[in-house]
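Coordinate inspection notes
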Amino acid sequence: MQIVIDPLDGPEIAAFLQAHLDDMRAVSPPESKHALDLEGLKAPAITFWSAYDEQTLVGCGAIKELGADGGEIKSMRVHGAARGKGVGSAILRHLIAIARGRGYRYLKLETGSMAFFTPAHGLYQKHGFRECAPFGDYQSDPNSLFMELTIEQ
């Protein structure tokens, strides 16, 4: 698998991210949907990566810089056909390594609290993430789960 910085200018990643947004709209009430659209992911504070198995897009993830000491994981997604094959773990390990290389002390994330997100909860917990309080502009919400990883340097 190859994980590369993606400038978000191709139709394949646009469709992949639209499927992500469609899933989020289907399972999360509008006030609890925090997934960014394509333009939102192009913000200067965000670096976005796509994962490929040969020429096939199998997943993606991003880091939004929250400050010199930490970041937020955004838009983690694995293609349905690639789930359960280690793609999510590979992307997450890559993002953690990038964060460590940037000197971050933490990574945070927001994900849904509903059953749909249970596999994501397990993935994050497996890699050391623990529940935390809302951060940044997020508010406490029964439909959201907030998690944080302390990064050892």
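Our subject is the structure that appears above.
Below is a short write-up of the structure. (Residues numbered from 1 in each chain as written. Predicted model: local features only at pLDDT ≥ 70, side-chain atom pairs only at ≥ 80, totals over all residues. Heavy atoms only, no water.)

**Focus: helix 3 (residues 118-126)**
Threshold: The classification of residues rests on relative accessible area computed with a 1.4 Å probe and restricted to protein chains. Under 20% of the type maximum is buried, over 50% is exposed, and intermediate values are partly exposed. Each helix is a run of DSSP H or I of at least 4 residues and each strand a run of E of at least 2, with the numbering of both proceeding from the N terminus. The directions considered for the arc are those from the helix axis to the C-beta atoms.
If you check which residues of helix 3 are buried, you get His121, Leu123 and Tyr124. Buried residues of helix 3, seen end-on, are gathered within an arc of 165 degrees and therefore sit on one face of the element. The exposed set on the far side of helix 3, more than 90 degrees from its buried face, consists of Pro119 and Lys126. A positive backbone phi angle near 95 degrees is found at Gly128, which sits one or two residues after helix 3.

**Regarding helix 2 (residues 87-101)**
Given 3.6 residues per turn, any residue in an α-helix points the same way as the ones three and four places further on. Keep this limit in mind: Here the expected length of a helix is defined as 1.5 Å per residue gap, with one fewer gap than residues.
Compared with an ideal rise of 1.5 Å per residue, which puts 15 residues at 21 Å, helix 2 spans 21 Å between its outermost C-alpha atoms and is within 8% of the ideal. Residues of helix 2 that are buried: Val87, Gly88, Ser89, Ala90, Ile91, Leu92, Leu95, Ile96 and Ala99.

**A short note on the nonpolar core**
Put simply, the rule is: Among buried residues, those of type Ala, Val, Leu, Ile, Met, Phe, Trp, Tyr and Cys that are joined through side-chain atoms within 4.5 Å constitute a nonpolar core. We call two residues contacting when some pair of their heavy atoms lies within 4.5 Å.
Ile73, Met76, Leu92, Leu95, Leu107, Tyr124 and Phe129 are the most contacted members of the largest nonpolar core, which totals 24 residues. Of all the secondary structure elements, the ones that give two or more residues to this core are strand 2 (46-53), strand 3 (56-67), strand 4 (70-78), helix 2, strand 5 (106-112), helix 3 and strand 7 (144-150). Top element by residues in this core is helix 2. It accounts for six residues. Excluding residues that lie within four positions of it along the chain, Ile73 makes contacts with Ala62, Leu92, Leu95, Leu107, Lys108, Leu109 and Phe129.

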